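# Structural overview
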Amino acid sequence: MTPKSDAYRTLLISKIPAERRGREYVTNSLWSRDINTNIRTVSDISLICPVQKVSDTEAQPLDPRIKVSDSNHLTLDQLETLIRQTDVVEIPGNFHWLGAKLSRQAARLAKRHGKISVLGISSNRAKTTIMNTAGRGFPTRIRAWIRAASIRLSQIYLARNCDGVRVVGEGLRPLVEKHAKDLHIGVASWIQDADFHDLNKPKTELVSVVIASRLEPMKGVHIGIEAVAKALTEGGNIELKVIGEGREEQRLRDLIQEREMSETTHFLGTLSYPEPFFDTLRQSNFVLLTNLNDEQPRLIFDAISQGAIPICPRNRAYEALGIDARVLYTQGVATSLCDTIQKLCAASASEMADLQEQLTAFAKSRTLDTMHQHRRDWVLSLLLKKTVH
């Protein structure tokens, strides 16, 4: 049955676990914020995910209207029943062939029962898998290439067998544009109107810079460190904070020691979202986005909402957003990133106030709510197209 209004029922498949605690389910804080906003734009959400232990530091409640089924114990008959009861089936597209078995089953059943199926891709996982083997042995790199090929095979198959595909940012368009029947280019943003702080940070002698990401090669944290190191040797007064954990941490610590930055660099580990993560951003002047891949991270909007200036790579994802060119640098080039940091540090108070005003307006039109509203409008167009045909 196709919904007669702008509300529809969604069956959402996810690999992010939820845990039952008493009468409620809890899940990862970012995912909770996302899906709890999503249910405000649709009439009903049923969630299929692993039901298992969730870290207490990350746990946030799911909206009680969201009905949860455990993917660890879901039979094919139960999946088919859930699909019959929905209008739209949303499946993840970041996994290799074996890991996407449930997604393939859901896509086939959705087609059988005349339901809309939507594939969601949030990152270039295949490319990341290869990039993260930098500096590792030949067998590891071969395994990464095989896994990456499996991810791409899975994405192409699902894209061709779903009614629509949504990706995060223009950078991911090439992954599926030749295969998708209908394509939606979305924006990654987890901020809400209430998150914005009206902060006019006065210029200070000490400039606080943050890098926040998983500590892995693809994230390019070493680029940010090299850029800050260059700025320091040229007379800059900068402190660097690194938020995140990962297998690259020791290599990054060694690099910081080599660049004689130990006294002005602080590793903060993983911070809970939104607080104290936002609190750290509020205390910072600049947030460096050093990702070497094609995604558009949510961090750009997190930073702006807390009064920090994001400095972003000049690539397809960011340029398509239309962000102010003053905060862009050549992706993967530490000298270019350093130049951008220095230009912003040298800007007058009025120039920085103007930049902050433009960035705030830019971010306020791209909140978590607007992201889901645009997504809903696109899904409604798919439902309408199916009704017409």
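Check the entry above for the structure.
In short, a report on the structure. (Residues numbered from 1 in each chain as written. Predicted model: local features only at pLDDT ≥ 70, side-chain atom pairs only at ≥ 80, totals over all residues. Heavy atoms only, no water.)

### What to know about the packing of aromatic side chains
Inclusion rule: Only Phe, Tyr and Trp rings take part, Trp by its six-membered ring, and two of them pair if their centres are within 6.5 Å. Stacked means planes under 30 degrees apart, edge-to-face means over 60, and tilted covers everything else. Relative accessibility under 20% of the residue-type maximum defines a buried residue, over 50% an exposed one, and the middle range a partly exposed one, all with a 1.4 Å probe and only protein chains included. A helix here means a DSSP run of H or I that spans at least four residues, while a strand means a run of E at least two residues long, and both kinds are numbered starting from the N terminus. Ring-over charges, as used throughout, are those where CZ of Arg or NZ of Lys falls within 6 Å of the ring centre and within 35 degrees of the ring normal.
Scanning all chains against the criterion turns up 5 aromatic pairs. Arranged with centres 5.7 Å apart and planes meeting at 35°, the rings of Y273 and F277 form a pair that is tilted. Residue classification places Y273 among the buried residues on the basis of a relative accessible area of 7%. Since its relative accessible area comes to 6%, F277 is described here as buried. Here the aromatic rings of F301 and F362 are separated by 5.6 Å at their centres, their planes lie at 25°, and the arrangement is stacked. In this pair, F301 is assigned in helix α10 (residues 299-305) and F362 in helix α13 (residues 349-364), connecting sequence segments 61 residues apart. Look at F362 and you get buried, because its relative accessible area is 9%. Members of the aromatic cluster, each reached through a chain of ring pairs, are Y273, F277 and F278. For R125, the ring lying beneath its charged end belongs to F95, and the centroid distance is 5.5 Å. Taking NZ or CZ as reference, K364 lies 5.3 Å from the ring centre of F196, over its face.

### What to know about unusual backbone geometry
Across the junction of Y273 and P274, the peptide omega takes the value 5°, indicating a cis bond. With respect to the helices and strands, P274 occurs in the loop between β13 (265-269) and α9 (277-282). At the junction of E275 and P276, the peptide bond is cis and its omega measures out at 5° in the coordinates. Position of P276 among the secondary structure elements: in the loop between β13 and α9. The phi dihedral of E260 is positive, around 55°, even though this residue is not glycine. Looking at the secondary structure, you find E260 in the loop between α8 (249-258) and β13. Note on E260: relative accessible area 73%, which makes it exposed.

### Some words on the sheet that holds strand β6 (residues 67-70)
Within a sheet, each strand pairs with its neighbour through backbone hydrogen bonds, oriented either parallel or antiparallel. The test is simple: In this description, strands pair whenever DSSP reports at least two bridges between them. With axes taken as lines fitted to C-alpha atoms, and helix axes fitted only over the stretch in contact, angles between N-to-C directions fall between 0 and 180 degrees. Should any heavy atoms of two residues lie within 4.5 Å, those residues are considered in contact.
With parallel pairing, 7 strands are arranged side by side in an open sheet as β6-β4-β1-β7-β8-β9-β10. Of all the strands in the sheet, the pair left with one neighbour each is β6 and β10 (183-186). If you compare each strand with its neighbour and ignore which way they point, the axes differ by 20° on average. Where strand β7 (residues 88-92) and strand β8 (residues 116-121) come together, 5 bridges link them in parallel fashion. Each bridged residue has a counterpart across the sheet, and for V89 the counterpart in β8 is S117. Taken strand by strand, helix α1 (residues 29-38) contacts β1 (9-13) and β4 (44-49), and its axis lies near 150° from that of β4.

### Concerning empty space enclosed by the protein
Our working definition: Cavities and pockets were defined on a 1 Å grid built from protein atoms only: a cavity is a group of points that admits a 1.4 Å probe but offers it no way out, a pocket is an open group of points flanked by protein on both sides within 12 Å along at least five of seven lines, and a lining residue is one with an atom within 4 Å of any such point. Grid points are joined across faces, edges and corners, and a volume is the space filled by probe spheres set on the points. Any residue outside Ala, Val, Leu, Ile, Met, Phe, Trp, Tyr, Cys, Pro, Asp, Glu, Lys and Arg is labelled polar, Gly included; the first ten of those are nonpolar and the last four are charged.
Inspection of the entire model under this criterion finds 3 cavities of 30 Å³ or more. Its boundaries defined by the atoms lining it, the largest cavity holds a volume of some 60 Å³. Lining the largest cavity are R166, V167, V168, H184, G186, V187, M371 and R375. When residues of the lining of the largest cavity are traced back to their parent elements, those giving at least two are β9 (164-168), β10 and α14 (368-388). The greatest single-element share of the lining of the largest cavity, amounting to 3 residues, is contributed by β9. Taken together, the residues that form the lining of the largest cavity break down as 4 nonpolar, 2 polar and 2 charged. The volume enclosed by the second largest cavity comes to roughly 40 Å³. What lines the second largest cavity is simply Y8, T10, N38, T41, V42, E90, H372, R375 and R376. The element best represented in the lining of the second largest cavity is α14, accounting for 3 residues.

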